[in-house]
Amino acid sequence: LVRRLLTSGILVQIFPLHDRGELKKLRQSWYGRVKVGYQPLDEIRSYFGETIALYFGFLEYFTFALIPMAVIGIPYYVFAWEDYDKYVMFATFNLLWSTVILEVWKRICAIMTYRWGTLLMKRQFEEPRPGFHGVLGINPVTGREEPVYSSIKRQIRIYLVSLPFVCLCLYFSLYVMMIYFDLEQWALDYHEENESNFSSLMLFVPSIIYAVVIEIMNRIYRYAAEFLTSWENHRLESSYQNHLILKVLVFNFLNCFASLFYIAFVLFDMKLLRQVSCKDVLRMKLGYNCIVNSVFLHVLFCGLKLFLFLLFQGTFDDYLELFLQFGYVSLFSCVYPLAAVFAVLNNITEIYSDALKMCRVYKRPFAEPTANIGVWQLAFETMSVISVVTNCILIGMSPQVNALFPDSKTDLILTVALVE
């Protein structure tokens, strides 16, 4: 009944009320004071449910997992910063780290969900999502009358409309990237001809423009992806989320990392790769997020009684931010070792700011039981595989490894492939 009311628009929102007493206790144990320690995940799960608790558990685990990378990255940055070729050891550690942490997380996730009783939760009887529509028919599993929509029509919409649209957007993203490199070259030539303060400032203009354009493109594409995924008319919320995540991740990955792959494996310019990673991507992404989160923390610790109670939109954007952050750290941090340091600082403020938003900014969401972080686990594992391949190729491109195979590049390629 509730689902039908939501679909027809008669019911606009439905949400549980906050329990002020329980919420006050949770706030005190969660972010009431700055401390170095674990979050009260069991209390978070009891109040907000397993889905929210698993997100904060993964955020906490990922932050602790980044510390070894940050600890190794600081001395590497200090003592080997100017030598662009001394990244073999760091890249080796990087590819091992990106694989191991996800396997350890599977075990930690299983321990938590076993304790909460959701480890073996099944989704066979998942209810249709509110936006699903179709002609009335009989569900062969439950025997109940409910809307039915042809899977053939859905596949036609996916492969004849959504897929071409995504490919077109990816092509446009690559085209914008090539324009950015042309602007970079123009700014460099202009600076070499004039050698003035103005020309020095012009060197930063292409990067700033490209960063703004990327953000605009991501937002526009996100709205388009949500519209297309809703138009595909998926019956289950899990299926809807999987298709939406796939669309958004592919575009964001290309939009954020295509320029780095182009510099590393087409231009073969490690110096430029480090400059772009440092100046144009990592500082703007991680630094901006850290500043925004610090503003929330300033509001919190100044004692401002902020209660907005906005509608909670889910953990999609939070996982997306961690996914891109994992890419920045695992793919090319061997040429910019401070990436993990920025990520740790960002995540520390993220934990407290997200806790503040859950308790004081958002309406209380319905508790959703889950056995894991869902399709995001597959997304992180895919990024890990790409990271392993990328770091192996970077190791194979290094002068130290090339010196071991002075006569045969074939042996070098075969060795790198075997290591992968």
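Each value, and the rule that gives it
All residue numbers refer to positions counted from 1 along the written sequence of the respective chain. Only residues with pLDDT of 70 or above have their local features reported here, since the model is predicted, and side-chain atom pairs are shown and tallied only from 80 upward, although totals for entire chains, interfaces and linings are computed over all residues. Note: side-chain values were computed over all heavy atoms of the structure, leaving out hydrogens and water. Secondary structure counts use DSSP, requiring at least four H or I residues in a row for a helix and at least two E residues in a row for a strand, with both numbered from the N terminus. Three labels apply to residues, based on accessible area from a 1.4 Å probe with only protein chains included: buried if under 20% of the type maximum, exposed if over 50%, partly exposed otherwise in between. Only heavy atoms matter for contacts: two residues are in contact if any of them lie within 4.5 Å across the pair. Calculation of accessible area relied on Shrake-Rupley with a 1.4 Å probe; when residues are assessed, cover is drawn exclusively from the protein chains displayed. UniProt positions are given in the numbering used here, feature names are shortened, and annotations may be inferred rather than shown by experiment. Any residue with relative accessible area above 30% and no salt bridge may belong to a patch, with like charges joined within 9 Å and the nonpolar Val, Leu, Ile, Met, Phe, Trp and Tyr side chains within 5 Å. Salt bridge, as used here: a side-chain nitrogen of Lys or Arg that lies within 4 Å of a carboxyl oxygen of Asp or Glu. Charge assignment: positive for Lys and Arg, negative for Asp and Glu; neither His nor the chain ends contribute. For this purpose, a charge sits on NZ of Lys, CZ of Arg, CG of Asp or CD of Glu. In this scheme, a helix's expected span is set at 1.5 Å multiplied by one less than its residue total. Bend at a given residue is defined as the angle between two axes, one fitted to the seven residues that end at that position and one fitted to the seven that begin there. A fitted line through C-alpha atoms serves as each axis, taken over the contacting stretch for helices, and the angle formed by two N-to-C directions is quoted from 0 to 180°. What sets the label is the angle itself: under 35 degrees gives roughly parallel, over 145 gives roughly antiparallel, 65 to 115 gives roughly perpendicular, and the rest give oblique. Each crossing gets its handedness from the near helix: less than a right angle anticlockwise from the far helix is left-handed, clockwise is right-handed. Note that Gly is not counted as nonpolar here; it falls among the polar residues with everything else outside the nonpolar set of Ala, Val, Leu, Ile, Met, Phe, Trp, Tyr, Cys and Pro and the charged set of Asp, Glu, Lys and Arg. In summary, the pairing rule links any two rings of Phe, Tyr or Trp, Trp by its six-membered ring, whose centres are within 6.5 Å, and it sorts them by plane angle into stacked for under 30 degrees, edge-to-face for over 60 and tilted for everything else. By definition, being over a ring means that NZ of Lys or CZ of Arg is both within 6 Å of the ring centre and within 35 degrees of the ring normal. Cysteine sulfur atoms that come within 2.5 Å of each other are treated as a disulfide pair.

1. Some details on the overall build of the protein chain
Turning to step 1, where the next piece is worked out: Of the regular secondary structure elements, the protein chain holds 15 helices and 2 strands.
Turning to step 2, where the next piece is worked out: Taking all 420 residues of the protein chain together, 45% fall into the buried category.
Turning to step 3, where the next piece is worked out: Long-range contacts, defined as pairs at least 24 residues apart, comprise 78% of the intrachain contacts of the protein chain with a sequence gap of at least 6.
Turning to step 4, where the next piece is worked out: In the form shown here, the protein chain has an accessible surface area of approximately 22200 Å², with 67% of it arising from carbon and sulfur atoms.

2. Considerations on the UniProt feature "transmembrane region" (unreviewed entry) in the protein chain
Turning to step 1, where the next piece is worked out: The sites that carry the UniProt feature "transmembrane region" (unreviewed entry) are, in the present numbering, residues 52–81, 87–105, 158–181, 244–266, 286–310 and 322–345.
Turning to step 2, where the next piece is worked out: The span residues 158–181 shows a helical share of 100% and a strand share of 0%, and its end C-alpha atoms are spaced 33 Å apart.
Turning to step 3, where the next piece is worked out: For residues 244–266, the helix share is 100%, the strand share is 0%, and the end-to-end C-alpha distance is 31 Å.

3. Let's talk about unusual backbone geometry
Turning to step 1, where the next piece is worked out: One non-glycine residue with positive phi stands out, namely Glu 195, at about 50 degrees.
Turning to step 2, where the next piece is worked out: By the element assignment, Glu 195 lies in the loop between helix 6 (151–194) and helix 7 (197–202).
Turning to step 3, where the next piece is worked out: When its relative accessible area of 57% is taken as the criterion, Glu 195 is described as exposed.
Turning to step 4, where the next piece is worked out: Here the phi dihedral of Asn 233 falls at roughly 65 degrees; this positive angle occurs in a residue that is not glycine.
Turning to step 5, where the next piece is worked out: Along the chain, Asn 233 turns up in the loop between helix 8 (205–231) and helix 9 (237–267).

4. Points about a negative patch on the surface
Turning to step 1, where the next piece is worked out: Taken together, the side chains of Asp 189, Glu 192, Glu 193 and Glu 195 present a region of like negative charge at the surface.
Turning to step 2, where the next piece is worked out: Considering the arrangement of structural elements, one finds Glu 193 in helix 6.
Turning to step 3, where the next piece is worked out: For Glu 193, a relative accessible area of 66% gives the class exposed.

5. Looking at helix 9
Turning to step 1, where the next piece is worked out: End to end, helix 9 covers 43 Å across 31 residues, agreeing with the expected 45 Å (1.5 Å per residue, within 8%).
Turning to step 2, where the next piece is worked out: Along helix 9, the helix axis deviates most sharply at Phe 257, where the bend reaches about 50 degrees.
Turning to step 3, where the next piece is worked out: Looking at the residues trailing helix 9, positive phi occurs at Phe 268, about 55 degrees.

6. Notes on the packing of helix 9 against helix 13 (residues 375–397)
A pair of packed helices is captured by two measures, namely the crossing angle of their axes and the spacing between those axes.
Turning to step 1, where the next piece is worked out: Their axes nearest at 12 Å, the elements helix 9 and helix 13 cross at an angle of 15 degrees. What the angle tells us is that helix 9 and helix 13 run roughly parallel. As helix 9 runs across helix 13, the sense of the crossing is right-handed. On the side of helix 9, the interface is formed by Asn 242, Ile 245, Leu 249, Phe 253, Phe 257, Phe 261, Ala 264 and Phe 265, while helix 13 contributes Val 375, Trp 376, Ala 379, Met 383, Ile 386, Thr 390, Ile 393, Leu 394 and Met 397.
Turning to step 2, where the next piece is worked out: In terms of residue class, the contact of helix 9 with helix 13 is made up of 15 nonpolar, 2 polar and no charged.

7. What to know about the packing of aromatic side chains
Turning to step 1, where the next piece is worked out: Under the criterion given, the structure shown has 32 aromatic pairs.
Turning to step 2, where the next piece is worked out: For the pair Phe 181 and Tyr 262, a centre-to-centre distance of 4.9 Å together with 40 degrees between the ring planes defines the contact as tilted. Highlighted residues: Phe 181 in helix 6 and Tyr 262 in helix 9, separated in sequence by 81 residues.
Turning to step 3, where the next piece is worked out: The residue whose ring lies beneath Arg 364 is Tyr 47, and the NZ or CZ to ring-centre distance is 3.9 Å.

8. Remarks on the state of the cysteines
Turning to step 1, where the next piece is worked out: Summed over the entire model, instances satisfying the criterion amount to 0 disulfides.
Turning to step 2, where the next piece is worked out: Cys 167 forms no disulfide, and the closest cysteine sulfur to it belongs to Cys 169, at a distance of 9.3 Å.

9. A few points about the pattern of salt bridges
Turning to step 1, where the next piece is worked out: All told, the structure shown has 9 salt bridges when counted by the stated rule.
Turning to step 2, where the next piece is worked out: Note that Arg 115 is salt-bridged to Asp 42, the shortest N-O span being 3.1 Å. Of this pair, Arg 115 sits in helix 5 (residues 88–116) while Asp 42 is found in helix 3 (residues 41–48), placing the two residues 73 residues apart along the sequence.
Turning to step 3, where the next piece is worked out: The residue Lys 357 makes a salt bridge to Asp 354 at a minimum N-O spacing of 3.3 Å. In this pair, Lys 357 and Asp 354 are both assigned in helix 12 (residues 339–361), 3 residues apart and thus about one turn of the helix distant. Like Lys 357, the residue Asp 354 is buried in the burial classification.
Turning to step 4, where the next piece is worked out: What you see here is one network of salt bridges that share partners, running through Glu 103, Lys 106 and Glu 381.

10. Concerning the environment of Tyr 221
Turning to step 1, where the next piece is worked out: You can see Tyr 221 is positioned in helix 8.
Turning to step 2, where the next piece is worked out: Between the C-alpha atom of Tyr 221 and that of Val 248, which follows or precedes it by 27 residues, the distance is 7.7 Å.
Turning to step 3, where the next piece is worked out: Those residues in contact with Tyr 221 that sit more than four places away from it in its chain are Phe 165, Val 166, Cys 169, Lys 247, Val 248 and Phe 251.

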